Amino acid sequence: MSARPITEEDLHGFVDGVLAPDRIAEVQAYLDTHPDAAQRIAGYAGQRSMLRAALAPIAEEPLPPDLDLARMIAQRSRPRPNSRWAFAAAAVVLLALGIAGGWTLRGPILAPQEGIAAVAQEAADNYAVYAPDKLRPVELRATDRAELVAWTAQRLGRPVAVPDLAASGYRFMGGRIVSTAHGPAALFMYDDDRGTRLVMLTRVMRGADHNAPMTPHGSGSINGFAWADNGLGYSLVGPAALDALHPIANDVRRQLSRNI
């Protein structure tokens, strides 16, 4: 008997962790053979994790007394004179609360991660956008390397070296400048000529982690390592397993440390 087709509902259930174990295995097998879908789901998973982390402090707060259901029912049952005007006043209050609540929640919901955790997420997000692109994955190609290096140095305010991953089986494709919540970042892309691409993102660390040890991270099918040296943050990401990426990331860090 053939397996049931994978639906969009199954993919979202996979991200939310609500599928039965046998269905999880079927969806994972589907993602293993459909890299475009895997990259999209990895992006969903990353966004879900960021949202959960941002809302965690709010979820732990006690319910305000004004929102207590029993109290609201008791107040509603009391006779109220001039109900027409009372309704209008309540509408004004609710509108004010909605505006104030929206502005209050704006900070925690949109608050970006900090330090190398933010660099890791930015690298994974940009991988999901540019790595699958077959037409224009990079803005400047490898043949324009000197122009790319000058461009990134000008935008970041720091010289940035382009690592050589040929010894690891990946050729340099080129790169671009991308936008992050912490300012511009340089994005360099590599390809093994068999369809697997790696991306290295680097930017100036404007808050925490001006120097930080190499740390693994993962978002769905995309894994990577992030670190910071002398005020520059880096993250190398791709669809390879962490144990395969680790020696490549170590080599990248050694190359970059010689140019700091």
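Refer to the structure presented above.
Summarised in this report is the structure supplied together with it. Please read these numbers as outputs of a predicted model, since none were measured by experiment.

Per the secondary structure count, the protein includes 8 helices and 7 strands. Taken across its 260 residues, the protein has 36% of its residues classed as buried. Within the protein, contacts between residues at least 6 apart in sequence are counted, and of these 56% link residues at least 24 apart. Here the protein displays about 15,400 Å² of accessible surface, and carbon together with sulfur accounts for 58% of that area.

Pairing analysis gives 6 bridges linking strand 5 (residues 212–219) to strand 6 (residues 222–229), with the strands arranged antiparallel. Bridged to Thr215 within strand 6 is Ala226.

Pairs of aromatic rings are described using the distance from one ring centre to the other and the angle between the two planes. The tally for this structure, following the rule as stated, stands at 3 aromatic pairs. Ring geometry for Phe172 against Tyr190: centres 5.4 Å apart, planes inclined by 50°, an arrangement best described as tilted. One end of the pair, Phe172, is in strand 2 (residues 171–180); the other, Tyr190, is in strand 3 (residues 183–191), and 18 residues separate them in sequence. Grouping residues by exposure puts Phe172 and Tyr190 together as buried.

The next thing to look at is unusual backbone geometry. Here Asp193, not a glycine, exhibits a phi torsion of approximately 65°, which is positive. Relative to the elements of secondary structure, Asp193 occurs in the loop between strand 3 and strand 4 (197–204).

Side chains of residues three or four places apart in an α-helix project in the same direction, reflecting 3.6 residues per turn. With 16 residues, helix 6 (residues 115–130) should reach 22 Å at 1.5 Å per residue; the first-to-last C-alpha distance of 23 Å fits that figure. Where helix 6 is concerned, the buried positions are Gly115, Ile116, Ala118, Val119, Ala120, Gln121, Glu122, Ala123, Ala124, Asn126 and Tyr127.

Turning our eyes to something else, we now look at the sheet that holds strand 6. In space, the 7 strands of this open sheet follow the order 1-2-3-4-7-6-5, with antiparallel pairing throughout. Sheet topology places strand 1 (140–141) and strand 5 at the edges, where each strand pairs with a single neighbour. Sheet topology places strand 4 next to strand 7 (residues 232–238); 6 bridges connect them, and they run antiparallel. Its bridge partner being in strand 7, Val204 is matched across the sheet by Leu232. Together, strand 2, strand 3, strand 4, strand 5, strand 6 and strand 7 form the strand contacts of helix 6, whose direction differs from that of strand 4 by roughly 135°. Where helix 7 (residues 145–156) meets the sheet, it contacts strand 1, strand 2, strand 3 and strand 4, and its direction lies at approximately 25° from that of strand 2.

By the definition in use, this model includes 9 salt bridges. A salt bridge links Arg23 to Asp10; the shortest N-O distance between them is 2.5 Å. Highlighted residues: Arg23 in helix 2 (residues 21–32) and Asp10 in helix 1 (residues 8–16), separated in sequence by 13 residues. On the basis of relative accessibility, which here comes to 5%, the residue Arg23 falls in the buried class. Salt-bridge contacts for Arg23 lead to Glu26; the nearest nitrogen and oxygen are separated by 2.3 Å. With Arg23 and Glu26 both in helix 2, this residue pair falls 3 residues apart, about one helical turn. Overall, Glu26 belongs to the partly exposed group, its relative accessible area being 28%.

Thresholds, definitions, all that
Residues numbered from 1 in each chain as written. Predicted model: local features only at pLDDT ≥ 70, side-chain atom pairs only at ≥ 80, totals over all residues. Heavy atoms only, no water. Helix = DSSP H or I, 4+ residues; strand = E, 2+ residues; numbered from the N terminus. Buried < 20%, exposed > 50% of the residue type's maximum accessible area, 1.4 Å probe, protein only. Contact = heavy atoms within 4.5 Å. Areas by Shrake-Rupley, 256 points an atom, 1.4 Å probe, with all protein chains shown as cover. Pairing = 2+ DSSP bridges. Phe/Tyr/Trp six-rings, centres within 6.5 Å; stacked < 30°, edge-to-face > 60°. Expected span 1.5 Å × (residues − 1). Axes fitted to C-alpha atoms, helices over the stretch in contact; angles between N-to-C directions. Salt bridge = Lys/Arg side-chain N within 4 Å of Asp/Glu carboxyl O.

Interpretation in functional terms is not warranted from these geometric data alone.
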